[in-house]
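# Structural description and commentary
Here is what each chain is made of, one letter per residue.
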Amino acid sequence: MTTTTESQTYPETYYVGAYWGPRKESPPECAQRAALFLGMLASCDPFLAQWYKFARSRKNARQHPLMPPDAPTLTEMFRRGVNRENGGPVFEDLGFRIGIHNGGSAYDDADLNIKCGDYSGATSNVCVLSLPRPGRGANADRVLTAPVLTDVVRSMVLAWEPDWAFATSYAYESASPKPGSAPFSLGWITYLSPQRGPVPPLPSPVRIEPVEDRGTLIILTPERFTVANPEHVALARRVRGLLASAGLMQPTSS
């Protein structure tokens, strides 16, 4: 994981993640959500419009395209991604995992990892999108912007119906981890489901946007959020405090 010290030497790296609790879903149901998400990702930016199954090499991977979203192939991938011990029984309650990538070059690429259908309650269901490293190509400068990542988070929300989601940098997550009892982390762009309660007024330049009837987006800064900017870090600290004062950082009741 990137540290704050590293971020002073190398550009910060970013990812988008969505997280939700126990939800029993079948491989076809997971595939339907994944296909919806991939279709919406394609409209966010051309860099996110092509996806491939993992293979032994990037060259070989391009022989296994998944776009336009191929529900039967995705269904089979989820079926094969079942949790089981070697030669042992399937752990049905642990759901299914798949990983795909967009075929980009090293550091100028994106990976997507999904775990869904877990109803054990032991760990979260997740959808995590890693993003290109700044300085490694033109894609990062275009993708790592508030408008594009807001669209990506919104797409995750509409496809996966998570409890919360965010776009953040590894460096900020490492420097300012959430308390163990908190129900979510605050990122550059954060989504909260309606179950968390109403988001209070927040200071400029923070923007608050609804996601249809699904909840609320909080966009901290219009420019790229970075731990190298002390004003960004101070703003995030203030917003976190306001959310805590409004009761949104309290543990979710079981």
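Now for a look at the structure at hand. A quick note: this is a predicted structure, and the numbers were derived from the prediction, not measured.

Reading the values: rules and limits
Residues numbered from 1 in each chain as written. Predicted model: local features only at pLDDT ≥ 70, side-chain atom pairs only at ≥ 80, totals over all residues. Heavy atoms only, no water. Helix = DSSP H or I, 4+ residues; strand = E, 2+ residues; numbered from the N terminus. Polar contact = N/O pair within 3.5 Å; in protein donor to acceptor, adjacent residues only side chain to side chain. Contact = heavy atoms within 4.5 Å. Buried < 20%, exposed > 50% of the residue type's maximum accessible area, 1.4 Å probe, protein only. Pairing = 2+ DSSP bridges. Phe/Tyr/Trp six-rings, centres within 6.5 Å; stacked < 30°, edge-to-face > 60°. Disulfide = S-S within 2.5 Å. Core = buried A, V, L, I, M, F, W, Y, C linked by side-chain atoms within 4.5 Å.

## Points about the side chain of aspartate 45
Position of aspartate 45 among the secondary structure elements: in the loop between helix 2 (27-44) and strand 2 (52-53). Here arginine 142 takes part through its side chain, which lies 2.8 Å from a polar atom of the side chain of aspartate 45. Discounting chain neighbours no more than four positions away, the residues touching aspartate 45 are Arg142, Val143 and Val148.

## Here's the deal with the pairing of strand 6 (residues 164-169)
Judged by how many residues are buried, strand 6 sits mostly within the fold: 6 of 6 residues are covered. Going residue by residue along strand 6, you find Trp164, Phe166 and Thr168 tucked away on one face and Ala165, Ala167 and Ser169 tucked away on the opposite face as well. Here 6 bridges tie strand 1 (residues 14-20) to strand 6, and the two strands are oriented antiparallel to one another. The partner of tyrosine 15 across the bridge, within strand 6, is threonine 168.

## Overview of the packing of aromatic side chains
Applying the stated criterion to the full structure yields 8 aromatic pairs. With a centroid separation of 6.2 Å and an interplanar angle of 75°, the aromatic rings of tyrosine 19 and phenylalanine 166 are classed as edge-to-face. Of the two residues, tyrosine 19 sits in strand 1 while phenylalanine 166 sits in strand 6, which places them 147 residues apart along the sequence. Like phenylalanine 166, tyrosine 19 is buried. Chaining the aromatic ring pairs together yields one cluster made of Tyr15, Tyr19, Trp164, Phe166 and Tyr170.

## Details of the environment of arginine 23
Considering the arrangement of structural elements, one finds arginine 23 in the loop between strand 1 and helix 2. Residues arginine 23 and glycine 117 lie 94 residues apart in sequence; the distance between their C-alpha atoms is 5.6 Å. When residues no more than four places from it in sequence are discounted, the contact partners of arginine 23 are Arg33, Gly117, Asp118, Tyr119, Asn125, Trp160 and Glu161.

## With respect to the state of the cysteines
Counted according to the given criterion, the structure contains 1 disulfide. Residue pairing for cysteine 30: its cysteine sulfur links by disulfide to cysteine 116, the two sulfurs lying 2.3 Å apart. You can see cysteine 30 sitting in helix 2 and its partner cysteine 116 sitting in strand 4 (residues 111-118), a full 86 residues away along the chain. Cysteine 127 forms no disulfide, and the closest cysteine sulfur to it belongs to cysteine 116, at a distance of 9.1 Å.

## Concerning the nonpolar core
Residues Trp51, Leu129, Leu149 and Leu243 are the most contacted members of the largest nonpolar core, which totals 79 residues. Counting residues per element, this core draws most heavily on helix 6 (residues 146-160), which supplies 10 residues.

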